[in-house]
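Listed below are the residues making up each chain.
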Amino acid sequence: MLEQLLIFTRGGLILWTCKELGNALKGSPIDTLIRSCLLEERSGAASYNYDAPGASYTLKWTFHNELGLVFVAVYQRILHLLYVEDLLAMVRREFSEIYDPKRTMYNDFDETFRQLRREAEARAEEFKKSKQTAKPVNNNKKQGQVQKAGFDKGSKKSEGGLAADGGDGDKVKGRKLENGHSNGNHVEIEEPRMTGVVNGKENTSSNISAFDVSKLQKRTKGGKKTDTVVNKGTKVDPKKKVAKKNRVWDDAPPETKLDFTDPVDGNGNENIEVVAADQGESMMDIEEIISSDSESEEDDNVGKDSKPEAKKKGWFSSMFQSIAGKANLEKADLEPALKALKDRLMTKNVAEEIAEKLCESVAASLEGKKLASFTRISSTVQAAMEEALVRILTPRRSIDILRDVHAAKEQRKPYVVVFVGVNGVGKSTNLAKVAYWLLQHNVSVMMAACDTFRSGAVEQLRTHARRLQIPIFEKGYEKDPAIVAKEAIQEATRNGSDVVLVDTAGRMQDNEPLMRALSKLIYLNNPDLVLFVGEALVGNDAVDQLSKFNQKLADLSTSPTPRLIDGILLTKFDTIDDKVGAALSMVYISGAPVMFVGCGQSYTDLKKLNVKSIVKTLLK
């Protein structure tokens, strides 16, 4: 039974709800749908499942993009109602005819909805009956095709043609039923028969292609000559040997002293102060000025480069396309531009799954909209994608750590940050960068060496603490990291430290014992911020890492409300050129904002994420 159907604008104004469906929904499925699906560019999905105490709902929706309306239906997941998509389409069509932007009440739509609902239910019942009667006939046809394909081996070509024709016929039937009743279950039943025929077609085509290649090999006479040419070409390569040169990173002269591993002596403190002073101001505080200049330069360059492109394409052809284009955008019109945009995102290191979901969401937001005069579809799609990317990458909550630190200081407790991530991404190094940035803002910091697993981890953190002249809490190796972190927080409370930065061991997302230990550390100490440290070099692996980290933290936690990842620290950003897609992949999967970006080896090489610059790079 349908639980609820409502119509509201994209601005959030509810225009109509079904009064007959007076069942009170458990939880808040509509708010959750808007917050976690529609606002995060996941509206291309077919449905959304919502679990509440004592109830499990499925939500389906459709848009009227021209009028800016959203139609949502809610029903119990266990029922599998077949008519919901048809009903939403009919309600969308009928309500759009009476919609007036000045009206806010549509009580006269109740009777229309009752008729549409009865019609959709009757159509679903007819479809069920026709499906049951057509089932044995389809099975007989399928068995006949299998027998023909199994016994008649002599005439492969003729049977391949028959199988191909049969497959096409089945496909046509599947499409007619799908368009008539818009039901995905019928298509799933038809699929096994279709795949068998298609596989047979593929096998025959591969045999034919192999036969053609053998004929070509017999007919070619100059095969040996081509081989000799290839061999000559390979012999020339060893002569072009170039002597290896020393790598020079920049034009600056090399520093006289690069080794900081000298033992600490009486003058050690003075040397450390000089090292810390030479680092200068952190890029976290000067990034805004640099980014504004670079963005203005990029805008100028884009403006200069776009003019010759317009000349190459020709003004008459572009004007003719914009005039002759369709008034309302359809999915078929958007597909070429979306495919090109998906390929572009994937070349920028965006995970394939996420690029596909983004394109589906953009298509759902543009379908049915009117194309403005003298506007190309590609530019419309790109503008919609740009808005979606800015909306995803922009943090939805405050990421001002300094404000949170002062708020915790007023409560007389330290602000605790836990750094987590896989092996070798730079957790300890970037922890030191964050500590240096906090020191510049007169915040007292203490490090906690909770990586009791990797050899040399405590010594590495001890070196950073000595250079930055901050205290470190350590208990050596083979200790419980959760207990070490708890004692470190207690020590920081006694000493009056403002921030405790907890270093943890690197662990793969599939390592359950280490993930269980991390879940225990987070549950026992309840940190203020859980930072996931990830490389900017990863592509599809970013989806696997973050989703499994969050899943393991939720599954292995003993708390009813488990703590998940709160923010992301993206490392090695200076090594990726324009392959900035990892930032988008990580934010899309976790919903957590990118709070820091590591862009070098020194303590000052830490900055904020410039959302506009990232979006321009992704779409460039």
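Quick caveat, the model's predicted, so the values are computed rather than measured. (Residues numbered from 1 in each chain as written. Predicted model: local features only at pLDDT ≥ 70, side-chain atom pairs only at ≥ 80, totals over all residues. Heavy atoms only, no water.)

J.: Explain the overall build of the protein to me, please; I cannot follow it from the model alone.
T.: Within the protein, the secondary structure is distributed over 20 helices and 13 strands. Per-residue burial for the protein yields a buried fraction of 39% across its 620 residues. At a minimum sequence separation of 6, the contacts of the protein that also span at least 24 residues come to 74%. Counting every atom, the protein has about 35500 Å² of accessible surface; 53% of that belongs to carbon and sulfur. (Helix = DSSP H or I, 4+ residues; strand = E, 2+ residues; numbered from the N terminus. Buried < 20%, exposed > 50% of the residue type's maximum accessible area, 1.4 Å probe, protein only. Contact = heavy atoms within 4.5 Å. Areas by Shrake-Rupley, 256 points an atom, 1.4 Å probe, with all protein chains shown as cover.)

J.: Explain the UniProt feature "domain: SRP54-type proteins GTP-binding" (unreviewed entry) in the protein to me, please; I cannot follow it from the model alone.
T.: Per the UniProt record, the feature "domain: SRP54-type proteins GTP-binding" (unreviewed entry) sits at residues 593-606. Taken end to end, residues 593-606 has its terminal C-alpha atoms 16 Å apart, with 0% of it in helix and 43% in strand. (UniProt positions renumbered as here; feature names shortened; annotations may be inferred.)

J.: Sorry, what's going on with the pairing of strand S12 (residues 594-598) here?
T.: Within a regular beta strand, the side chains point alternately toward one face of the sheet and then the other, so they alternate between its two faces. Here S12 lies mainly inside the structure; 5 of its 5 residues are buried. Relative to S12, strand S11 (residues 567-571) is paired through 3 bridges, and the arrangement is parallel. Considered in S12, the bridge of Leu570 is made with Val597. Traced from S11 through helix H19 (residues 581-590) to S12, the parallel crossover comes out right-handed. Bridge analysis of S12 against strand S13 (residues 606-607) gives 2 bridges, and the strand direction is antiparallel. (Pairing = 2+ DSSP bridges. Right-handed = clockwise from strand over helix to strand, strands pointing away.)

J.: What exactly am I supposed to notice about unusual backbone geometry here?
T.: Glycine aside, negative phi is the norm for most residues, and most peptide bonds take the trans geometry. Positive phi, close to 60°, is recorded for Arg412, a residue that is not glycine. With respect to the helices and strands, Arg412 occurs in the loop between helix H13 (401-410) and strand S6 (415-420). When its relative accessible area of 76% is taken as the criterion, Arg412 is described as exposed. One non-glycine residue with positive phi stands out, namely Lys572, at about 60°. Take Lys572: it is sitting in the loop between S11 and H19. For Lys572, a relative accessible area of 29% puts it in the partly exposed group.

J.: Where do I start with helix H10 (residues 331-347) in this structure?
T.: Spacing of three or four residues puts side chains on the same side of an α-helix, whose turn is 3.6 residues. Helix length check: H10, at 17 residues, gives a terminal C-alpha distance of 24 Å against a target of 24 Å (1.5 Å per residue), a fit within 8%. Along H10, the positions that sit buried rather than exposed are Asp333, Leu334, Ala337, Leu338, Leu341, Lys342 and Leu345. Where the residues of H10 are buried, they touch helix H11 (352-366), helix H12 (377-393) and helix H20 (611-619). Looking one or two residues past H10, Asn349 carries a phi angle of roughly 80°, positive in sign. (Expected span 1.5 Å × (residues − 1).)

J.: I'm lost on the side chain of Lys60 in this one. Help?
T.: Its location among the elements puts Lys60 in strand S4 (residues 55-64). For Lys60, a relative accessible area of 14% translates into the label buried. Among the polar contacts listed, one links the side chain of Lys60 to the side chain of Glu85, at a separation of 3.2 Å. (Polar contact = N/O pair within 3.5 Å; in protein donor to acceptor, adjacent residues only side chain to side chain.)

J.: It is not clear to me how a nonpolar patch on the surface should be interpreted in this structure. Could you clarify?
T.: Taken together, the side chains of Met1, Ile78 and Leu79 make up a nonpolar region of the molecular surface, amounting to roughly 330 Å² of accessible area. By the element assignment, Leu79 lies in the loop between strand S5 (69-76) and helix H2 (84-98). The class of Leu79 is partly exposed, set by a relative accessible area of 37%. (Patch = residues over 30% accessible without salt bridge, like charges linked within 9 Å, V, L, I, M, F, W, Y side chains within 5 Å. Salt bridge = Lys/Arg side-chain N within 4 Å of Asp/Glu carboxyl O.)

J.: Got a minute to help me understand the packing of aromatic side chains in this structure?
T.: In this description, an aromatic ring pair is defined by two values, namely the gap between the centres and the angle between the planes. Considering all chains together, one arrives at 10 aromatic pairs under this definition. Summarising the aromatic geometry, the rings of Phe95 and Tyr99 are spaced 6.3 Å apart at their centres and angled 35° between planes, so their arrangement reads as tilted. The residues Phe95 and Tyr99 share a single accessibility class, namely buried. Here the aromatic residues Trp16, Phe71, Phe95, Tyr99, Tyr106, Phe109 and Phe113 are joined through ring pairs into a cluster of three or more. The ring centre of Phe63 lies 4.6 Å from the NZ or CZ of Arg10, which sits over that ring. (Phe/Tyr/Trp six-rings, centres within 6.5 Å; stacked < 30°, edge-to-face > 60°. Lys NZ or Arg CZ within 6 Å of the ring centre and 35° of its normal.)

J.: Explanation requested: the sheet that holds strand S10 (residues 529-535) in the structure shown.
T.: Strand pairs in the sheet, formed through backbone hydrogen bonds, run parallel or antiparallel to each other. Ordered in space as S8-S7-S9-S6-S10-S11-S12-S13, the 8 strands form an open sheet in which the pairing is mixed. Pairing within the sheet leaves two strands with one partner each, and these edge strands are strand S8 (472-473) and S13. The strands touched by helix H16 (residues 481-495) are S6, strand S7 (445-449), S8 and strand S9 (499-503); relative to S7, the strand with the most contacts, the crossing angle is about 160°. The strands touched by H19 are S10, S11 and S12; relative to S11, the strand with the most contacts, the crossing angle is about 160°. (Axes fitted to C-alpha atoms, helices over the stretch in contact; angles between N-to-C directions.)

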